[in-house]
Every structure is written in structure tokens, then in C-alpha cells.
Amino acid sequence: MESKHAPLPSFAEHAARLAKTHLRELVQDEARGERLRRRVGPILLDISRQKLDIAALDAVGGYIDGTGWKAARDAMFEGKHINTSEDRAVLHTALRGGASRHPAAPKDVQKDVADALDQMELLVNAVHEGKGASVGLIGGVTDIVNIGIGGSDLGPRLAVHALNQFHVKSIRSHFLTNVDGQAAYDLMNTLDPSRTLVILVSKSFNTQETLLNGGVFRNWILKANGGDEAKTSKHFIAVSSNVEAVNKWGASQVLPMWDYVGGRFSLWSAVGASIAFGIGMKGFRELLAGAAEADDHFRAAEWQDNLPVLLAIVEFWNRNILGRSSRAVVPYVDALGDLPSYLQQLEMESLGKHVHPDDGTEVTQSTVPVVWGSIGTNAQHAYFQALHQGTDTVPLEFIGLVKPAHPLRENQDVLTSNLLAQAAALSLGKTFEEALAEAKTGTDDERRALAAQRTFKGDRPSTVFMLDSLTPHSLGELIALYEHKVFMLGHLWGINAFDQWGVELGKVIAKQIYPSLANDKDAGDLSQFDGATRGLIKAIRDRR
Ligand code: F6P
């Protein structure tokens, strides 16, 4: 089929000019720096170390402005069915709409969201006050286990760990995700079943890993309760949009999810119950308010000041104009250690698409880059060598804090100096001549060989986020900014950022393979599998 989608512009003139302009030169321009540092509340975004000059920025921004992005954005906020392949609205913004200056979601959605928050508040407060019995749960909870995977794990996990400082009660939080039995086994060995509350989170309530782990925990608690099912159910809260399946499963309390919220956008809903149990409902509502600040900003600011649009421009430039195939996210904040894996799902599950949804034709430009990364400074001592001198250029994203929650000032200043130094070193580099001047001994050839190895080409782009401090508000805002960047890229690339058909095929094949591994006596008919799969199944069975 002929595509009705025009290819994105190549901005060739700008690209050619910038190919000859080193970042060392670009960062000297103070006015450009002012323009490329933008703030929303407690978050400063600095994209001045990206390989864009003002002319290129204006060209891309002007192009985007003509694509109807504002109407597309408003359609999302208002609940139009923009997730066309599933015929669903995309209303994660409604989850924090209560804190927005201009809530835009349909009234019935606003009511459902407010009611669910109240319901969650009841449970959280009761458990915190040791009165779980009053809401059908156990009392004396010491440990909470969130069982879920993907969006039912990564967001809550990120926020619970990031906001450790704000935990209000001495209840420990755990996350059980993978179906690798070792994780469940090890966790059960450390916990007291009589004091363990489980939050079983699955939007679909059909996810193999989650249901299996939920069953393992139910059997463990059931055994401790001498087979008493009613007593056992008091240890379980389920969060799902599939009420029928949850009711069959038998949790004492059910908190709702809706199909207008995608899993990877769901931490703001009851999917984030473990966050609320950690930081209390007041803290949870502050997280929502931070996200609402980003929402209001995204809806009000022109592209020149709009952080999600600027982030999308940077990603577009690096991916589509400069051909960069990955981006490293490096928080200089230990508490944000889970951010890279959270963003992997948010960005790669959303934007890992290759066709236009309206006519099924292939996109003509690359879509999502690989997102990866880990905390600095540790990362500097692992893979930064390749980022500085490897043959590929990998754009980076640094995240730092102005004010940490601890009083160890020297640690913080050393940490932040390293962040600033890496961004500087990557962009400025060190010339051959500078390296040669430092090589004092040896013959001329030896000095030149050494200098070549000690040269840094530089010109390697990075973005810096500086958060005033890490709070529920700033975390909520940061995550929502990323969500809206994803929306903008989906819009720009003409793909559906809100479905995830690419995860289905493997799930189906896993279910077909399972009986051949589970049934020790009879592996069944292996001829249904390809030769490589058959060979591995046989090898595994032979070595058991
Ligand atoms: O397999 C991918 C996925 O569907 C994600 O989109 C989702 O976040 C995750 O699985 C978990 O799904 P659920 O919440 O339905 O268990």
C-alpha cells in the first residue's frame, strides 16, 4: 500500500552546518545556553550540550509546530480514543487530574479516579494505624510484597526506592517480579507470613508470571494459616481492571484499574498502592501534584519553552538526523537507580513500532533508540571509557540533585562535580595537540602514538536534568515529563505509542513450549517447534 505519510524533513542544511561545528564551539555561545536551559518548578533541563544551534532548533521546532501537536495532545487529555489498535482512550493524565489547574478528562473518569484514591486512602491509613482488620485486611503488617511485572512493577519500584526518605512507617517494601522461582523462594525465607501483606498487581490479571507468583505466595500464607482460606485472603489486595478474574482468584480487597490507562503509565493509579503504603497518601498525592504540574506545563507552554517538546526535538535530532541508535540515562542519584529500567519500558514499549497505525504502512525513519544506563559515578568506572573513546557516539542523559536529603556535603559536591565533569569532558574532549603537549618522554613517534591514545574527540552530546531535590513532587514531575516526551515522539513518528503488540508472540510460544518441559514423562509432539527450539528442549531434558 502506498503510504500517505510524508517522510520527515532531513534538515540537511542544518545537519551539514552542524557537522562542521564542534560542541566546544557551540557551548561558548551564552545566548544559546540561556535559550537551551529551561525550568519547570523544581526541574531544570539543560540541552545546551546537544548538537543543535538556534537555527536548527528553530527549524525543527517550527516544523513540529505545524504538525498539529497541540490538537493531538488535547485529544489525549480529553479522552479521545487515540490508542486506535485497541480502540481505547489514553487517560493516565486523568489519574493526577485532581491536582491540575484545568482537569480535562471526562467527568465520569474524574469521579472514578477520585473514588479509587479515596478507597486506597482508606486501606493505607488503616494498615498504617494497625487497623487492617477494619478494612478486611490483616493487622500488624511488617512487610508488603508487590507482585507484578512490567508497568505493574517498574513504576512502583522506581518510586518506592526513590522516595525512601519519605517512608512514613516502618513497613518494609519488596518487589517480586520475575518468574524465576529463586526470587520467590528467597523472599519467603526472609518474611513472616503472618505479617506479610501482598499487593497483586496486574491490569489484565492474565499475566503468567504474576499469577504464578501470586499463587506461590497464596499457598505459602495458606499453609501458615492452617488451610484457612478466608484468613488467607485478608493478606491480599488485588489491583486490576479485570474484576471478574480477580473475584475468582479471591483477594480480600480489590482496587480498580481501567483500560484507558496503559500499564507503563499506571503508577499514578492504584497500581502505585505500594508507593502509597510507603510514603503515605499525603506523599502519594504530592507525587500526583508533581505530575499534574508537568501536565499543565505541557498543555500551556509554547514549544520553545515546553520541556517535553524540547526533549522530543533532542531525541529526534540524535536518532533521525545523526543516526544515534542508543541513549544512556545516568542518574547521579543512587535513589534513582531504577530510572533506566523504568524508562526502558516507558520508551521502548511505547515507541518500538515500525508501522503507521492508520494505514499499516512502514515508517520511513528510525523509531525508538535503545535506552540503557545506570547510576553515576559507578558507571564511569564501568562503561564510560567506551562513551568517551569508543567508535560510536551515544547521547547521554544525566540527572543530578542540587540539595540531597543527607547532610554529607562533601559526598554531594564530589558526586555533582563528577556529573558536570563528564558532561564537559564528553562535549569538549581533548585535542591531539593538547595530548601531545602532555606526552613528555619517548621518541617523537612514541609521543605521537601515546598522544593519539590520549586524545578525546569530544563532540559527544548530553542532556542534564537538575532537580532541586528528590521529593514526591519532583519525581512525579520528572516522570510525567518523560511520559509527554514519549507522546510527542509517537506523534512525530506517526506511530501508536500506547499499544504493545510486540510482546504477544513470545507469550504465545512460551505457553506452547511449557508442557514439553513440565511433563517429565512425555515431552509431547516436538515436531510443532522449529529445529533450534526442539534441539534445546531435548538438551534440557537430557541433562535433568
Ligand atoms: O507484556 C507486556 C505487558 O503487557 C506490559 O505492557 C504490562 O505493563 C505488563 O505486561 C504487565 O501486564 P499486567 O499488568 O496486565 O499484568
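None of these values were measured; they are calculated from a predicted model. (Residues numbered from 1 in each chain as written. Predicted model: local features only at pLDDT ≥ 70, side-chain atom pairs only at ≥ 80, totals over all residues. Heavy atoms only, no water.)

## Regarding the overall build of the chain
Point 1. Broken down by element type, the chain carries 21 helices and 11 strands.
Point 2. For 544 residues, the compact-globule formula gives about 24 Å, and the C-alpha radius of gyration of the chain, at 25 Å, lands near that figure.
Point 3. Along the longest, intermediate and shortest principal axes, the C-alpha atoms of the chain span 80 × 60 × 60 Å.
Point 4. Taking all 544 residues of the chain together, the buried fraction comes to 50%.
Point 5. Nonlocal contacts in the chain, meaning residues at least 24 apart in sequence, comprise 75% of its contacts between residues at least 6 apart.
Point 6. Accessible surface for the chain amounts to roughly 24100 Å². Of this, 52% is attributable to carbon and sulfur atoms.
Point 7. For the chain, the distance from the average position of its 56 positive side-chain charges to the average position of its 65 negative side-chain charges is 3 Å. (Helix = DSSP H or I, 4+ residues; strand = E, 2+ residues; numbered from the N terminus. Rg over C-alpha atoms; globule rule 2.2 N^0.38 Å. Buried < 20%, exposed > 50% of the residue type's maximum accessible area, 1.4 Å probe, protein only. Contact = heavy atoms within 4.5 Å. Areas by Shrake-Rupley, 256 points an atom, 1.4 Å probe, with all protein chains shown as cover. Lys, Arg positive; Asp, Glu negative; His and termini not counted. Charge placed at Lys NZ, Arg CZ, Asp CG, Glu CD.)

## A look at the site of the ligand
Point 1. With respect to spatial proximity, 14 residues lie near the ligand, and among them Ser 152, Ser 202, Ser 204, Thr 207 and Glu 349 are the closest.
Point 2. Between an oxygen atom of the ligand and a side-chain N or O atom of Gln 345, the distance comes to 3.1 Å.
Point 3. In isolation the ligand offers 390 Å² of accessible surface; the protein chains occlude 87% of this area.
Point 4. The cavity that encloses the ligand is the largest pocket. (Near = heavy atom within 4 Å. Polar contact = N/O pair within 3.5 Å; in protein donor to acceptor, adjacent residues only side chain to side chain. 1 Å grid on protein atoms, 1.4 Å probe; cavity = no way out; pocket = protein on both sides within 12 Å on 5 of 7 lines; lining within 4 Å. Sits in = over half its atoms within 2 Å of the grid points.)

## Side note on empty space enclosed by the protein
Point 1. With the rule as written, the count across this model stands at 2 cavities of 30 Å³ or more.
Point 2. Of the volumes computed, that of the largest cavity is approximately 60 Å³.
Point 3. Along its surface, the largest cavity is lined by Gln 50, Leu 311, Val 314, Glu 315, Asn 318, Arg 327, Pro 395, Leu 396, Glu 397, Thr 463 and Lys 485.
Point 4. Taken together, the residues of the lining of the largest cavity break down into 4 nonpolar, 3 polar and 4 charged.
Point 5. Of the pockets and cavities examined, the second largest cavity occupies roughly 40 Å³.
Point 6. Residue lining of the second largest cavity: Leu 95, Val 113, Ala 116, Leu 117, Met 120, Trp 258, Trp 268, Ser 269 and Ala 270, and that is the complete set. (Points joined across faces, edges and corners; volume = space filled by probe spheres on them. Nonpolar A, V, L, I, M, F, W, Y, C, P; charged D, E, K, R; others polar.)

## Observations concerning a nonpolar patch on the surface
Point 1. A surface patch of nonpolar side chains, amounting to about 210 Å² of accessible area, comprises Val 179, Leu 212 and Val 216.
Point 2. Along the chain, Val 179 turns up in the loop between strand S4 (172-176) and helix H8 (181-190). (Patch = residues over 30% accessible without salt bridge, like charges linked within 9 Å, V, L, I, M, F, W, Y side chains within 5 Å. Salt bridge = Lys/Arg side-chain N within 4 Å of Asp/Glu carboxyl O.)

## Focus: the environment of Gly 155
Point 1. Along the polypeptide, Gly 155 turns up in helix H7 (residues 154-162).
Point 2. Gly 155 sits 184 residues away from Leu 339 along the chain, and the two C-alpha atoms are 8.7 Å apart.
Point 3. Here Gly 155 is in contact with Leu 267, Ile 275 and Tyr 342, once residues within four sequence places are set aside.

## Quick word on the nonpolar core
Point 1. Met 120, Phe 277 and Leu 339 are the most contacted members of the largest nonpolar core, which totals 115 residues.
Point 2. Apart from residues no more than four positions distant in its own chain, Met 120 is found in contact with Leu 255, Ser 269, Ala 270, Ala 273, Ala 276, Met 281 and Phe 284. (Core = buried A, V, L, I, M, F, W, Y, C linked by side-chain atoms within 4.5 Å.)

## Some words on the packing of aromatic side chains
Point 1. Under the counting rule described, the total for this entry stands at 14 aromatic pairs.
Point 2. For the pair Phe 265 and Phe 498, a centre-to-centre distance of 5.4 Å together with 50 degrees between the ring planes defines the contact as tilted. Residue Phe 265 is located in the loop between strand S7 (253-256) and helix H12 (273-300), and its partner Phe 498 is located in the loop between helix H19 (472-493) and helix H20 (504-518); the two are separated by 233 residues in the primary sequence.
Point 3. Given the relative accessible area of 10%, Phe 498 is considered buried. (Phe/Tyr/Trp six-rings, centres within 6.5 Å; stacked < 30°, edge-to-face > 60°.)

## Brief notes about the pairing of S4
Point 1. One ladder, built from 5 bridges, connects strand S3 (residues 143-147) with S4; its direction is parallel. Note on S4: the bridge partner recorded for Asn 146 is Phe 175.
Point 2. Regarding topology, H7 serves as the crossover connection from S3 to the parallel S4, and that connection is right-handed. (Pairing = 2+ DSSP bridges. Right-handed = clockwise from strand over helix to strand, strands pointing away.)

## Regarding the layout of surface pockets
A water-sized probe rolled over the atoms picks out the places where empty space is left.
Point 1. Of the volumes computed, that of the largest pocket is approximately 1100 Å³.
Point 2. Ser 204, Thr 207, Gln 500, Glu 504 and Lys 507 are, among the 38 residues lining the largest pocket, the residues nearest its centre.
Point 3. Listed by contribution, the elements that provide at least two residues to the lining of the largest pocket are helix H9 (208-224), helix H14 (339-351) and H20.
Point 4. Here the lining of the largest pocket gets 5 residues from one element, more than from any other, and that element is H20.
Point 5. Two domains share the lining of the largest pocket, each providing at least three of its residues, namely domain 1 (92-283) and domain 2 (501-543).
Point 6. In this structure, the second largest pocket encloses a volume near 570 Å³.
Point 7. Taken together, 24 residues make up the lining of the second largest pocket; nearest its centre are Gly 490, His 491, Leu 492, Gly 494 and Ile 495.
Point 8. The element contributing the most residues to the lining of the second largest pocket is H19, with 5 residues. (Domains from an automatic or database assignment.)

## Quick notes on the packing of H12 against H19
Point 1. Where H12 contacts H19, the axes come no closer than 7 Å and their chain directions differ by 40 degrees. Relative to H19, H12 is oriented oblique. Like other packed secondary-structure pairs, H12 and H19 cross with a definite hand, here right-handed. Each of Ile 279, Gly 283, Glu 286, Leu 287, Ala 289, Gly 290, Ala 291, Glu 293, Ala 294, Asp 295, His 297 and Phe 298 in H12 lies in contact with H19, whose residues at this interface are Pro 472, His 473, Leu 475, Gly 476, Glu 477, Ala 480, Leu 481, His 484, Phe 487 and Met 488.
Point 2. Grouping the constituent residues of the contact of H12 with H19 by class yields 12 nonpolar, 6 polar and 4 charged. (Axes fitted to C-alpha atoms, helices over the stretch in contact; angles between N-to-C directions. Parallel < 35°, antiparallel > 145°, perpendicular 65-115°, else oblique. Left-handed = near helix turned anticlockwise from the far one by under 90°.)

## Here we look at the packing of H8 against H9
Point 1. The geometry of H8 relative to H9 is characterised by a closest axis approach of 11 Å and an angle of 30 degrees between their N-to-C directions. Taken together, the axes of H8 and H9 lie roughly parallel to each other. As H8 packs across H9, the resulting crossing turns out to be right-handed. Counted together, Ala 184, Leu 187 and Met 188 of H8 and Asn 213, Val 216, Phe 217 and Trp 220 of H9 form the full contact between these two elements.
Point 2. Among the residues making up the contact of H8 with H9, the classes are represented as 6 nonpolar, 1 polar and no charged.

Everything listed is a geometric property; what it means functionally is a separate question.
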